[in-house]
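One letter stands for each residue in the lines below.
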Amino acid sequence: MIDRSESESRKLLGRLRDTMAEQAAGQERLDKIVHLTADSIGSEVCSIYLFRDSDTLELCATEGLKKEAVHQTRMKLGEGLVGRVARTGKMMNTADAPSERGFRYMPETGEEVFSSFLGLPIQRLGEKLGVLVVQTKAKREFTSDEIYALEVIAMVLAEMAELGAFIGEGAALKARHTEPRLLRGLSGQEGTTEGHAWLHEPRVVVTNLVSDDPERERRRLDKAIEKLRVSVDEMLTGTSGEQLEVLETYRMFANSKGWRRRMEEDIDLGLSAEAAVEKEQSNARARMSQVTDQYLRERLHDLDDLSNRLLRLLTGQGAETGAEMPADPILIARNIGPGELLDYGRKLKGIVLEEGSVGSHAAVVARALAIPLVIQAERITTEALNGDHIMVDGDQGMVHLRPDDSIVSAFRDKIAMQAQAQERYSSIRDKPAVSTCGKRVHLYMNAGLLADLPSLISSGAEGVGLFRTELQFLIRNKMPKRTELVEVYKRVMDSAGDKPVIFRTLDIGSDKVLPYMKPNDEPNPALGWRAIRVGLDKPGVMRMQIQALLRASGGRALTVMFPFVAQYEEFTAARAEVGKALAIERKLGHPVPETVTIGTMLETPSLAYAPTKFFEDVAFISIGGNDLKQFFFAADRENERVRRRYDTLNVSFLSFLENIVMRCSDTQTPLSFCGEDAGRPIEAVCLAAIGLRRLSMRPASIGPVKSLIMRTDLDGLYDVICEARARGEQSVRDDVMGFLRTQG
Ligand code: PEP
Ligand code: MG
């Protein structure tokens, strides 16, 4: 029997290390390991089961069970006790295995004579690789010291597997990171692309797993933790907001006695300092996959990050590994900040994130750069190696890692078809969007970053229908200065030349939280203190921004609109702020814009029913369909469960929009639509059919939308919509699709 703090375990680990150093085939090593382990634990059986595919485990080596069963005995994930350990990722310790629920007897192994069973998952950084089992005839539960020692062995096995120690014949002993993988995530930005993996945070490779000098390893760990603490403290000075919270958590972990004690105990058992850190990291990852609470998950992520930092300190492997970025890089990261993504810029061919959300800042930047993005691609950072061939389907949210030939050729066909479509779109780039019935539709682009500006030319947009000014605030880690904003706005106006740009004032709150502003703990942020509500209650930032816009115009015409206005008075109050700022500028003798046109977004149903006076008074209205739709249907636009539940072509919504069109037409108020639906060709032609003739969308959508408008009879389409509505359809989509199929 093994003792937790005894040199026995160190001896065993030392012998495992020796098997690693020997020139031997994978099978030979596995055989030796089960023999050594059974011997030092004093159990009659020790077996190693490894995955042959994501769903099947295979007995790969055994001491004590019948040798004929090796590579023959297989079980599905969840099947029998071994399958259960693999599925749950949790250890199982029982004195009487046959009486356990789900026990399955494998006759070819001869295991019927063994009563006690201890199974431990072999997993690395949250990835399940197999199961380590020890069994004895005597009915007894294994002690906590034995379990602890075996956990360490399971961890070393996982690391050895990662380093390729068990490569051999058959699917269960195949080399890791060589098989094709299909990972399913969500679409963050459409487009298909092909390239080679570039890991934003290259993995630290730990090669010295075992050490027989615990004193030395403890000292190394001490030193590294001390360095880590100092660096976290340094980072803490001058940080605020969300980042501060993360760093405080880092500090808490760096000072955590429990964390350190567990690593020291692992070192005493014979692990090297880095292997001990990685064991803790693996545990955190395994817990992460089971925790659903968002806060806890984030803390486990923090621990994961901290472990990475500690590993870098211990191994001396920095983020800079000397590897050369491929010519066609597909960026792989767990998550990435907007600033870092902008640093990579357009050289990226695609982006795959393990986390992220549709509304995240990284997604915003990816869209601006028109780089296909897949988010929530589970396990991509552990599966992919630098240089792996990858095909990214941003339309479907799928990633083919190391694809086989049939996938490659099907995927290349898809890319070629998209390229052909792009060619078609560029041939109509400079043509006006006129329907077959002669209706002219004006197409503008949405923007928010300087990186968007080249698209003004390449997309054929007639101007910027929505410039989301908050993006400049979101991508920084501190509040931008007025002079910086003046520069940005100037560059936007310069690039637009004669084309109009509608600047929307700061729209923060809800999903757009500035990292450097005190977060508001609101029960329902989407209905909370956001956008113009913040601007009117705490006008400092809005005033600074308006001043920056006035100065940037340098005498040119300026167009401004306010986000999230819910009633007439909010509009007049915000407009008065512009008036005040203008008066100040005049007084200071600064040049003021030749005209200032002030409009508003319509994003709340209440504004659609504002008094007629409002419609007469406002210079223009732009419908923010994303927010308007979420409030109209009471369905959160950020919530994957409900956000696609209601069709934009639902007759209630279309009738509501048509009512706005009619009110604006009565008062001659210019009206546009700038939500995401404007960029979806089917939705866009329907919006145009009900009278929305100015649409603002992502630059990449302009070609497809224009192409469909030019092939559609909008009058005929309007009749189809009215007929479906009169018949009592819930959505007009089917009728619309039927009609569009008859168009050229
Ligand atoms: C909208 O709500 O439709 C809109 C354009 O604004 P944002 O998506 O920035 O909230
Ligand atoms: Mg909005």
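One numbering rule holds for all chains: residues counted from 1, following each sequence as written. Key to labels: chains lettered from A, ligands numbered from 1, both in the order written. Residue-level local features of this predicted model are given only where pLDDT is at least 70; pairs of side-chain atoms are given and counted only at 80 or more, and the full residue set underlies all totals for whole chains, interfaces and linings. Calculated side-chain values reflect all of the structure's heavy atoms, with hydrogen atoms and water omitted.

K.L.:
Help me get a handle on the coordination of the magnesium ion (ligand 2), residues and values and all.
P.N.:
Those donors, E603 (OE) and D627 (OD), are the protein atoms that reach the magnesium ion (ligand 2), and they lie 2.0 to 2.1 Å from it. One end of the pair, E603, is in the loop between β20 (596-602) and α20 (605-608); the other, D627, is in helix α22 (residues 625-632), and 24 residues separate them in sequence. A residue is classified by how much of its surface remains accessible, and D627, at 2% relative accessible area, is buried. Only nitrogen, oxygen and sulfur atoms qualify as donors, and only when within 2.8 Å of the metal (3.2 Å in the case of Na, K and Ca); with water excluded, sites may look incomplete. Strands here are runs of E lasting at least two residues and helices are runs of H or I lasting at least four, both read from the DSSP assignment and numbered beginning at the N terminus. Buried residues are those whose accessible area, probed at 1.4 Å on protein chains only, stays under 20% of the maximum for their type, while exposed residues exceed 50% and partly exposed ones sit between those limits.

K.L.:
Could you give an account of the sheet that holds strand β14 (residues 398-401), with specific residues and numbers?
P.N.:
When DSSP finds two or more bridges between two strands, those strands count as paired. Reading across from one edge, β7-β14-β13-β9-β10-β11-β12-β8 is the order of the eight strands in this open sheet, with mixed pairing throughout. Unpaired on one side and paired on the other, β7 (181-184) and β8 (186-189) mark the two borders of the sheet. Across the sheet, the mean angle separating the axes of adjacent strands is 30° when strand polarity is ignored. Pairs of residues are marked as contacts when any of their non-hydrogen atoms sit within 4.5 Å. As a rule, the C-alpha atoms of each element are fitted with a line to give its axis, helices using only the stretch in contact, and angles between N-to-C directions run from 0 to 180 degrees. Across the sheet, helix α11 (residues 361-368) touches β8, β11 (350-353) and β12 (373-375), and the angle it forms with β8 is around 55°. Lying on the sheet, helix α13 (residues 405-427) is in contact with β9 (192-199), β13 (389-393) and β14; it crosses β13 at an angle near 50°.

K.L.:
Tell me what's going on with the sheet that holds strand β2 (residues 56-63), and back it up with residues and numbers.
P.N.:
The sheet built from six strands is open, its strands ordered β3-β2-β1-β6-β5-β4 with antiparallel pairing. On the outer flanks of this sheet lie β3 (74-76) and β4 (92-94), each paired with one strand and no other. Direction aside, neighbouring strands of the sheet carry axes that sit 25° apart on average. Where β2 lies against β3, three bridges are found, and the strand directions are antiparallel. Directly across from T56, in β3, lies its bridge partner K76.

K.L.:
I'd love a proper account of the site of ligand 1, names of residues and values included.
P.N.:
Distances are taken per atom, and a residue is near a molecule or strand as soon as one of its heavy atoms is within 4 Å of it. Taken together, 14 residues surround ligand 1, and among them R468, R504, K512, N626 and R637 come closest. Definition of a polar contact: a pair of N or O atoms within 3.5 Å, with one able to donate and the other able to accept a hydrogen when the atoms are protein atoms, and with sequence-neighbouring residues admitted only if both atoms are side-chain atoms. In the model, an oxygen atom of ligand 1 is placed 2.9 Å from a nitrogen or oxygen of the E603 side chain. For ligand 1, an oxygen atom lies 2.7 Å from a polar atom in the backbone of N626. For the shell around ligand 1, the secondary structure elements donating two or more residues are β17 (464-468) and α22. It is α22 that provides the largest number of residues to the shell around ligand 1, a total of three residues. For the shell around ligand 1, the per-class residue count stands at three nonpolar, four polar and seven charged. In the scheme used here, Gly and all other residues not listed as nonpolar or charged are polar, with Ala, Val, Leu, Ile, Met, Phe, Trp, Tyr, Cys and Pro taken as nonpolar and Asp, Glu, Lys and Arg as charged.

K.L.:
Account for the pattern of salt bridges, naming residues and giving values.
P.N.:
Pairs can form between side chains of opposite charge whenever their charged atoms are close. Salt bridges, as used here, are contacts in which a Lys or Arg side-chain nitrogen is within 4 Å of a carboxyl oxygen on Asp or Glu. Counting across every chain of the model gives 56 salt bridges. Taking the shortest distance from any N to any O, the salt bridge between R124 and E162 comes out at 3.8 Å. You can see R124 sitting in strand β5 (residues 116-124) and its partner E162 sitting in helix α4 (residues 144-162), a full 38 residues away along the chain. Judged on exposure class, the residue R124 and its partner E162 are both buried. A cluster of three or more residues bridged by salt bridges with shared partners is formed by R124, E127, E159, E162, R176, E278 and R379.

K.L.:
How would you sum up helix α9 (residues 294-315)? Please name residues and give values.
P.N.:
Because each turn of an α-helix spans 3.6 residues, side chains separated by three or four positions end up pointing in the same direction. With 22 residues, α9 ought to run about 32 Å at 1.5 Å a step, and its terminal C-alpha atoms sit 31 Å apart, in line with that. Just downstream of α9 lies G316, where phi reads positive at about 70°. Expected span, for any helix, means 1.5 Å times one less than how many residues it has.

K.L.:
Please provide a residue-by-residue account of the packing of aromatic side chains, values included.
P.N.:
Each Phe, Tyr or Trp ring (for Trp, its six-membered ring) is paired with any other whose centre lies within 6.5 Å, and the angle between the two planes then decides the class: stacked below 30 degrees, edge-to-face above 60, tilted in between. Considering all chains together, one arrives at 13 aromatic pairs under this definition. Seen from their ring centres, F614 and F615 are 5.2 Å apart, and the 75° between their planes marks the pair as edge-to-face. Here the two residues F614 and F615 agree in accessibility, since each one is buried. Plain terms: the ring middles of F632 and F653 are 5.4 Å apart, the flat faces sit at 50° to each other, and that makes the pair tilted. With F632 in helix α22 and F653 in helix α23 (residues 651-667), the pair connects residues that are 21 residues apart, well separated along the chain. Of the residues examined, F632 reaches a relative accessible area of 29% and is grouped as partly exposed. Clustering of aromatic rings is evident, with ring pairs tying together Y609, F632, F633, Y646, F653 and F656. A ring has a charge above it when a Lys NZ or an Arg CZ is no more than 6 Å from the ring centre and no more than 35 degrees off the ring normal. In this structure, R140 is placed above the aromatic ring of F142, and the distance from its NZ or CZ to the ring centre is 4.5 Å.

K.L.:
Account for the packing of helix α8 (residues 273-288) against α9, with residues named and values stated.
P.N.:
Running from N to C, α8 and α9 point in directions that differ by 160°, and their axes come no closer than 9 Å. On the basis of their axis angle, the class for α8 and α9 is roughly antiparallel. α9 is crossed by α8, and the crossing has left-handed handedness. Here α8 contributes A273, E274, V277, E278, Q281, A284, R285, R287 and M288 to the contact with α9, which in turn contributes R297, L300, H301, L303, D304, S307, N308, L310, L311, L314 and T315. For the contact of α8 with α9, the per-class residue count stands at nine nonpolar, five polar and six charged. For classification purposes, angles smaller than 35 degrees are called roughly parallel, those larger than 145 roughly antiparallel, those between 65 and 115 roughly perpendicular, and all remaining angles oblique. Handedness of each helix crossing follows the sense of rotation of the near helix against the far helix: counterclockwise by less than a right angle gives left-handed, clockwise gives right-handed.

K.L.:
Any chance you could break down the pairing of β14 for me, citing the residues and the numbers?
P.N.:
Going residue by residue along β14, you find M398 and H400 tucked away on one face and V399 and L401 tucked away on the opposite face as well. Inspection of the sheet shows β7 paired to β14 by four bridges, in the antiparallel sense. Paired with L183 across the two strands is V399, which belongs to β14. Note that β13 and β14 share four bridges and pair antiparallel. What sits directly across from M391, in β14, is H400. Hairpin connection between β13 and β14: a loop of four residues separates the two successive antiparallel strands, and G397 in this loop has a positive phi of roughly 70°.

K.L.:
If you had to explain the nonpolar core to someone new, which residues and values would you point to?
P.N.:
Remark: nonpolar core denotes a set of buried residues (Ala, Val, Leu, Ile, Met, Phe, Trp, Tyr, Cys) joined through side-chain atoms within 4.5 Å. Ranked by size, the top nonpolar core spans 114 residues in total, and within it Y489, I660 and L695 carry the most contacts. By residue number, the principal contributor to this core is α23, which donates eight residues. Filtering out sequence-adjacent residues up to four positions away, I660 remains in contact with L602, A608, I623, L628 and L671. Membership of the second largest hydrophobic core comes to 69 residues, among which are I41, A172, L173 and Y250.

K.L.:
How would you explain the environment of V560 if you had to name every residue and give the values?
P.N.:
Note that V560 resides in strand β19 (residues 558-562). In sequence terms V560 and S357 are 203 residues apart; their C-alpha atoms lie 29 Å from each other. In contact with V560, other than residues within four places in its own chain, are F503, T505, L549, T597, I598, G599 and F620.

K.L.:
Can you lay out unusual backbone geometry for me, pointing to particular residues and giving the numbers?
P.N.:
We note that A370 has phi near 55°; this positive angle belongs to a residue other than glycine. Among the secondary structure elements, A370 is positioned in the loop between α11 and β12.

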